[in-house]
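# Observations on the three-dimensional arrangement
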Amino acid sequence: MAAAKPAPILAVRDLVKNYGPVRAVRGISFDVRRDCCFGLLGPNGAGKTTTVEIIEGVTPATSGEVLYQGKPAGAAFRQDAGVQFQTAALQDFITVRETLEMFHRLYRHRADLGQVISDCALDKLEKRDNRKLSGGQRQRLLLGIALVNDPKILFLDEPTTGMDPQARRNFWELVERIRARGKTIVLTTHYMEEAQTLCDEIVIMNEGEIITQGAPEQLLKAHYKAIILELPESDLAEMPPEFPFPSYRRNGLVEIHADDANEAITRLSRAGAPLGRLNIRPYRLEDLFLDLTGKELRP
Amino acid sequence: MIQRIFAILHARNLEFLRDRATLGWNVAMPLLLVAGMAAIFSGGDRSEYKVALIQAEAQAAAPAHPFLETRYFDFIPMERGEALDRVANHQLDLAIDFGAGAYWINPESPGGYFAERLLQSSSKDGEWIREPASGDPISYVDWLIPGILGMNIMFSCLFGVGYVVVRYRKNGFLKRLKATPLRPVEFMAAQILSRLMLAIFVTLLLYGATRLLLDIRMEGSGLALFLVAVLASISLVSIGLAMAARVTSEELAGGLLNLVTWPMMLLSGVWFSLAGAPQWVQQLSNIFPLTHALTAARDIMLYGAGLGDVLPQLLILAGTTAVFLTIGATMFRWRSA
């Protein structure tokens, strides 16, 4: 007999959000498994922040429901959830520690504040006024606020937007450590590398709808049988005649999507293309994202 | 619940106390006002004379009398009881009843002495019956101080809370709080307590300064006055919270708050008595909680009224609080729609 599928910690059912005539979220449904890092991806305006804010309870849905541990999300959910907004103002003239203490006192179940401060690398910033924090420091404080109740489920809404690459990597490591303690994480992001690094399962949204969902590796396997060959545009001004694989020119590179790499390389070699700078790579989540949501700029 | 209220209260107090510019202004502005009044009023009272024309009788006989042509005199129609009290307390120089052919004067009042001399010089011999009305003088500044204290409470409570809530909503801090177990009523309670503490602290400071600098009159119980100040503050904060319950623009909040504060400042008897104003103005003034707070405060400070005497005003302030807190809690939104 097959083992029963564990109940999801969070279930979203037929969620709709209209802003006047604009349908921001169009009847989406998905489950979030316990202890998983779940990514909600999509281009700007896809409806992912609206979706996550409805789940968090800060924006009312037009219709549909959010179930937390099988029951409509309410007071118990607010006690158990940690939320890091994409942007959130904090009180002026208050220090990092005082801010954490204030939020800490709002919950029944609380984390050890010293541990939160240490986890978020805020030890040296405890006495600093909120107004004097850098972008990365501020994001770490917002994460710390989201952790003061030792949450069972943690929402991170585009947490690394505006961070430099080093700060972003440090933030990812921090999220990995938190996740290792058995927390469920719902991550909203438009950084595909971030989603591929952190998420066990993703949903890609576009124009208020879910266009695909699953584990990143499974989605890539399901969508692509080929690999990508990259050459500098200057090394391949024109494609060889009767070349059988599709190619795209992007960011100074020619991308060849080939399901038979040997065949592609042989044909390029015969055409006299220099292959010294040839790069062969598998498909990434970013390729899938662009293929599914389109490559053109959004209005 | 109590812990959540105190968490928000503590953070708000820290924020306010460390904002030196705002704190300084909140304390310094009223003190500057008191210092200005001390400079103006410590050298003596006003130079203009005020005479009550006791109503009804005055209507028929008054217009023809030459005394009413005297320059630099204010002639104010008034009920007999109030007029006699005011003459006794030196708030009026004279009260005249043309119908009865009598006038009332406080023999200790310098203004009364001159007003009486002018009345007699413009009247026939034996035209008037002279009646004494004795009592301690109440100067204009004695009368004004409760108004200043009340006005300071009004501005502090309405603007101090209204603007802060709108700013919190506009910058997303309220949205962040909404994602916690904090309830609107807990947030509002914390704002009320925080502002109440500040308003009472500044009022006590002002009261102390005016007692020290101006030796103002205080006939009643300090405890009763304290209770009036507390209820007035809570009542005005609740109005501020109701007005800021949904607003997301500081400009709109400023307009709405001005819409309330200016009529209250002009019609609640902060600067001058409405005794001589038309009846409808007096009735309109009763819709403002500040009117009742000032009536209670003056009754306590100037006439020694006890808690029982000002109970109607206290009940009105408590009722106003209940109404506006209910409106505020019902309408409250953490974020813009």
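It should be emphasised that the depicted structure is a prediction, and the values quoted were computed from it without experimental measurement. (Residues numbered from 1 in each chain as written. Chains lettered and ligands numbered in written order. Predicted model: local features only at pLDDT ≥ 70, side-chain atom pairs only at ≥ 80, totals over all residues. Heavy atoms only, no water.)

Looking now at the overall build of chain B. If you tally the helices and strands in chain B, you get 13 helices and five strands. By residue count, 53% of the 337 residues in chain B fall in the buried class. Considering only residue pairs separated by 6 or more positions, chain B has 78% of its internal contacts joining residues 24 or more positions apart. When the accessible surface of chain B is split by element, carbon and sulfur atoms take 63% of a total near 15,100 Å². (Helix = DSSP H or I, 4+ residues; strand = E, 2+ residues; numbered from the N terminus. Buried < 20%, exposed > 50% of the residue type's maximum accessible area, 1.4 Å probe, protein only. Contact = heavy atoms within 4.5 Å. Areas by Shrake-Rupley, 256 points an atom, 1.4 Å probe, with all protein chains shown as cover.)

A few words on the state of the cysteines. Under the defined criterion, the tally for this structure stands at zero disulfides over all chains. Its sulfur unpaired, Cys37 of chain A is 4.0 Å from the next cysteine sulfur, which belongs to Cys199 of chain A. (Disulfide = S-S within 2.5 Å.)

What follows deals with the interface of chain A and chain B. With 25 residues of chain A in contact, the opposing surface of chain B contributes 24 residues. Surface buried jointly by chain A and chain B totals about 2,400 Å² across both partners, of which 60% is contributed by carbon and sulfur atoms. Its largest share of buried area at the contact with chain B, chain A owes to Gln91, Phe93 and Leu106 of chain A, together 25% of the area lost on that side. Viewed at the interface, chain B and chain A are joined by one salt bridge. (Buried area = accessible area lost by both parts, 1.4 Å probe. Salt bridge = Lys/Arg side-chain N within 4 Å of Asp/Glu carboxyl O.)

So, on to the side chain of Glu255 of chain A. All names here are of chain A. For Glu255, the position within the fold is in strand β13 (residues 253-258). For Glu255, the side chain forms a polar contact with the side chain of His257, separated by 3.2 Å. What Glu255 contacts, discounting residues up to four positions off in sequence, is Ile228, Leu229, Glu230, Pro246, Ser247, Tyr248, Arg250 and Arg281. (Polar contact = N/O pair within 3.5 Å; in protein donor to acceptor, adjacent residues only side chain to side chain.)

Among the surface-exposed residues, Ile2, Phe6 and Leu193 of chain B lie close enough to one another that they form a single nonpolar patch of about 280 Å² accessible area. Judged by relative accessible area, which is 46%, Phe6 of chain B ranks as partly exposed. (Patch = residues over 30% accessible without salt bridge, like charges linked within 9 Å, V, L, I, M, F, W, Y side chains within 5 Å.)

Okay, the environment of Phe155 of chain A next. Residue and element names in this part refer to chain A. One can find Phe155 in strand β7 (residues 153-157). Accessibility expressed as a relative area gives 0% for Phe155, which makes it buried. Considered as a pair, Phe155 and Gly272 are 117 residues apart in the sequence and their alpha carbons are 52 Å apart. Setting aside chain neighbours within four positions, we find Phe155 in contact with Leu10, Val52, Ile55, Glu56, Phe77, Ala81, Gly82, Val83, Gln84 and Val186.

Now for the sheet that holds strand β9 (residues 201-206) of chain A. Residues and elements named next belong to chain A. Pairing is mixed in the open sheet, where six strands are placed in the order β6-β7-β8-β3-β9-β10. Across the chains shown, the open sheet's two edge strands, defined by having one partner strand only, are β6 (81-84) and β10 (209-214). Taking each pair of neighbouring strands and ignoring which way they run, the sheet shows an average axis angle of 15 degrees. Examined bridge by bridge, strand β3 (residues 37-41) and β9 share four bridges and lie parallel to one another. Looking at β9, one finds that Leu40 is bridged to Val203. Taken strand by strand, helix α5 (residues 135-147) contacts β6 and β7, and its axis lies near 165 degrees from that of β6. Lying over the sheet, helix α8 (residues 216-223) contacts β9 and β10, oriented at roughly 100 degrees with respect to β10. (Pairing = 2+ DSSP bridges. Axes fitted to C-alpha atoms, helices over the stretch in contact; angles between N-to-C directions.)

Quick look at the sheet that holds strand β1 (residues 10-19) of chain A now. Residues and elements named next belong to chain A. With antiparallel pairing, the four strands of this open sheet are ordered in space as β2-β1-β4-β5. Each edge of the open sheet carries a strand with a single partner, namely β2 (22-32) and β5 (71-72). As paired strands, β1 and β2 are joined by eight bridges and run antiparallel to one another. For Leu15, the partnering residue across the bridge sits in β2 and is Ile28. The strands touched by helix α1 (residues 48-56) within the sheet are β1, β2 and β4 (63-68), with β1 carrying the most contacts at an inclination of about 120 degrees.

So, about the pairing of β10 of chain A. Residue and element names in this part refer to chain A. The sheet contact formed by β9 and β10 spans five bridges and is antiparallel. Residue pairing for β10: Met205 is matched across the bridge by Ile210. Remark: two residues form the turn of the hairpin made by β9 and β10, two consecutive strands paired antiparallel; Glu207 in that turn has positive phi of roughly 50 degrees.

This part is about the pairing of β4 of chain A. Pairing geometry for β1 of chain A and β4 of chain A, over five bridges, is antiparallel. Bridging from a neighbouring strand, Arg13 of chain A pairs with Glu65 of chain A of β4 of chain A.

Another aspect to go through is the packing of aromatic side chains. Scanning the entire structure with this criterion turns up 19 aromatic pairs over all chains. Ring geometry for Phe73 of chain B and Phe75 of chain B: centres 6.0 Å apart, planes at 20 degrees, overall stacked. Phe75 of chain B gets classed as partly exposed once you look at its relative accessible area, which sits at 22%. An aromatic cluster of at least three residues, connected via ring pairs, comprises Phe103 of chain A together with Tyr168, Phe173, Phe187, Phe332 and Trp334 of chain B. Arg131 of chain A extends its terminal NZ or CZ atom over the ring of Phe93 of chain A, reaching a point 4.0 Å from the ring centre. Sitting over the face of the ring of Phe332 of chain B, Arg169 of chain B holds its NZ or CZ atom 5.5 Å from the ring centroid. (Phe/Tyr/Trp six-rings, centres within 6.5 Å; stacked < 30°, edge-to-face > 60°. Lys NZ or Arg CZ within 6 Å of the ring centre and 35° of its normal.)

In this section: helix α4 (residues 80-88) of chain B. Residue and element names in this part refer to chain B. Within the span of α4, buried status applies to Ala83, Arg86, Val87 and Ala88. Turning to α4, the residues buried within the fold contact β1 (49-54), β2 (73-78), β3 (94-97) and β4 (102-105). Trailing α4 by a residue or two, His90 shows a phi angle of about 65 degrees, which is positive.

On to the pattern of salt bridges. In the structure shown here, the tally under the stated rule is 25 salt bridges over all chains. Notably, a salt bridge pairs Lys175 of chain B with Glu53 of chain A, separated by 2.6 Å at the nearest N-O pair. Taken as a pair, Lys175 of chain B in helix α7 (residues 173-178) and Glu53 of chain A in helix α1 lie in two separate chains rather than in one. Residue Arg267 of chain A is joined to Glu263 of chain A by a salt bridge in which the shortest nitrogen-to-oxygen separation is 2.6 Å.

What follows concerns unusual backbone geometry. Residues and elements named next belong to chain A. Look at Phe93: it is not a glycine, yet its phi comes out positive at around 70 degrees. When you line up the elements, Phe93 lands in the loop between β6 and α3 (96-104). The exposure class of Phe93 is buried, given its relative accessible area of 16%. For Ala121, which is not a glycine, the phi torsion comes out positive at approximately 55 degrees. In this fold, Ala121 is placed in the loop between α4 (113-119) and α5. What makes Ala121 partly exposed here is its relative accessible area of 39%.

This part takes up the environment of Asn106 of chain B. Residues and elements named next belong to chain B. When you line up the elements, Asn106 lands in the loop between β4 and α5 (110-121). Separated by 13 residues in sequence, Asn106 and Asp93 have C-alpha atoms that sit 7.6 Å apart. Discounting residues that sit within four places of it in the chain, Asn106 has contacts with Val87, Ala88, His90, Ala133, Ser134 and Gly135. Within polar-contact distance, the side chain of Asn106 engages the backbone oxygen of Ala88 at 2.8 Å.

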